[in-house]
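# Report on the structure
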Amino acid sequence: MDEASYGSRDRRGHWTPTKRVKTGPLFELPFKPRVVLSWLFGWGGYLWPYNVFYALVAVGIWLWATPPMEAMRSFEFGWIAFIWLRNAALILIWFGAFHLRLYIQRAQGTQFKYNPNWPSTDNDAFLFKSQNIDNMIWSFGSGVTIWTAYEAVTWWLFANGYIPWVSWIDHPVYIVAFMFLIPLFREVHFYLVHRLIHVPFLYRHVHKLHHNNVNPGPWSGLSMHPVEHLLYFSGVILHWIVPSNPIHAMFHLVHLAMSPAPGHTGFDKVVAGEDTALDTHCFAHYLHHKYFEVNYADGGVPLDRWFGTFHDGSKEAEERMNVRFKARRARQKAREAARAAT
């Protein structure tokens, strides 16, 4: 599989795909039923392969790797520790698989890698000067711990009947429809949280830790400040309010935990054979790490288009971004001049 057939490299060796970033067609006007159905059910669209895979993982974990509800009616170290270890194992396997293939084995070299450089091993911005070690410490120490805390509280609430438990038998259509909508809700929540932590104070003290990864790898996905983890995983609170089944909460948490891995691989495709590759769909978010103030969402809901922060990877989008940045700097200078005059 030749990367030159799918994109090109600039003089510095940075690779850009020819195919531009697109947002989902669900909210486009005029509404096009065939296009929407193809996006919803076709390969590489809304459901396949990632959302279906995350849903299956969530169902499997709920059925075979979650303590019984009776045991979770009170907070006890044993079952909470079990959930932490189970979550840590899931992250180690999923994130580790991408890291092993792309960064340890380097099975495809820099083929389809946006940035030709490898993760930093001598950078003071990271703990022990190592990007990967830093990322793993924050992912397990903070990420898995806060994820487990939200999960433990959620199961405790369900087990004690403090939040409504919707039955599969009584409401199968509602349950399936809700499962279908969770990734869309996740995106809206992520966008709002993401814009919040780009407020200058929160960016400097919280989100900057994640953005140290200007050349992200799989472990960068969950490498966040504890405050960011608290906000990021707070989406599961939806199920404390809206009538749900525990499988909804599990899917929501698994989606939050697993989706950052392919989204931060730094590779456009994971090559599996001469003519076979898995698309990571991470170029939009790579552009966010590169330019900081574009593509706050993932594109299923076109929030960046609506609010003027969308970047599709083209030169035209870069020019629009630069115009926006220059206008903002001009406004800042004008405010500073006004304050100086008073």
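Heads up: these notes are all about the structure in this document.

What counts and what doesn't
- Throughout this description, residue numbers start from 1 for each chain and increase along the sequence as written.
- Local features in a predicted model are, by the rule used here, given only for residues with pLDDT of at least 70; side-chain atom pairs are given and counted only at 80 or more, and totals for whole chains, interfaces and linings are based on all residues.
- To get the side-chain values, take all heavy atoms of the structure and skip hydrogens and water.
- Working definition: helices are DSSP H or I runs of at least four residues, strands are E runs of at least two. Numbering for both runs from the N terminus.
- Here, two residues are considered to be in contact whenever any of their heavy atoms come within 4.5 Å of each other.
- Buried Ala, Val, Leu, Ile, Met, Phe, Trp, Tyr and Cys residues that are joined via side-chain atoms within 4.5 Å together make up what is termed a nonpolar core.
- Classification of residues uses two cut-offs on accessible area relative to the type maximum, computed with a 1.4 Å probe and protein chains only: under 20% is buried, over 50% is exposed, and between them is partly exposed.
- Convention adopted: a line fitted to C-alpha atoms gives each axis, helices being fitted over their contacting stretch, and angles between N-to-C directions are expressed from 0 to 180 degrees.
- Throughout, the term roughly parallel applies to angles under 35 degrees, roughly antiparallel to angles over 145, roughly perpendicular to angles from 65 to 115, and oblique to all others.
- Crossing chirality is assigned from the near helix's rotation relative to the far helix, an anticlockwise turn below a right angle marking it left-handed and a clockwise turn marking it right-handed.
- Note on residue classes: Ala, Val, Leu, Ile, Met, Phe, Trp, Tyr, Cys and Pro are nonpolar, Asp, Glu, Lys and Arg are charged, and everything else, Gly too, is polar.
- The span you would expect from a helix comes to 1.5 Å times its residue count less one.
- Note on bend: the value at a residue is the angle between axes fitted to the seven residues ending there and to the seven starting there.

Moving on, we get to the overall build of the chain. Secondary structure assignment for the chain yields 13 helices and four strands. Overall, the C-alpha framework of the chain stretches about 65 × 60 × 55 Å when taken along its three principal axes. Look at the contacts in the chain between residues 6 or more apart in sequence, and 71% of them connect residues 24 or more apart.

Before going further, it helps to examine the nonpolar core. Ranked by internal contacts, the top residues of the largest apolar core, which has 54 residues, are Ile91, Trp147, Trp155, Phe233, Met250 and Val254. Of all elements in the fold, only helix H2 (50-64), helix H3 (77-104), helix H4 (131-159), helix H5 (172-196) and helix H9 (246-258) reach the threshold of two or more residues within this core. One finds Phe112, Ala284, Tyr291 and Phe325 within the second-largest nonpolar core, a separate group that totals 15 residues.

Relative orientation of the contacting elements H2 and H9 amounts to 125°, with a least axis distance of 8 Å. Considering the angle they form, H2 stands oblique to H9. In this structure, H2 meets H9 at a crossing whose hand is right-handed. Along the contact surface, H2 presents Asn51, Phe53, Tyr54, Ala55, Val57, Ala58, Val59, Ile61 and Trp62, while H9 presents Pro246, Ile247, Met250, Phe251, Val254, His255 and Met258. Its residues assigned to classes, the contact of H2 with H9 shows 14 nonpolar, two polar and no charged.

What follows is about H3. Over its 28 residues, H3 runs only 36 Å from end to end, short of the ideal 40 Å by more than 12%, given 1.5 Å per residue. Bending of H3 peaks at approximately 30° at the position of Gly96. Taken from the residues just after H3, Arg106 is the one with a positive phi, measuring 50°.

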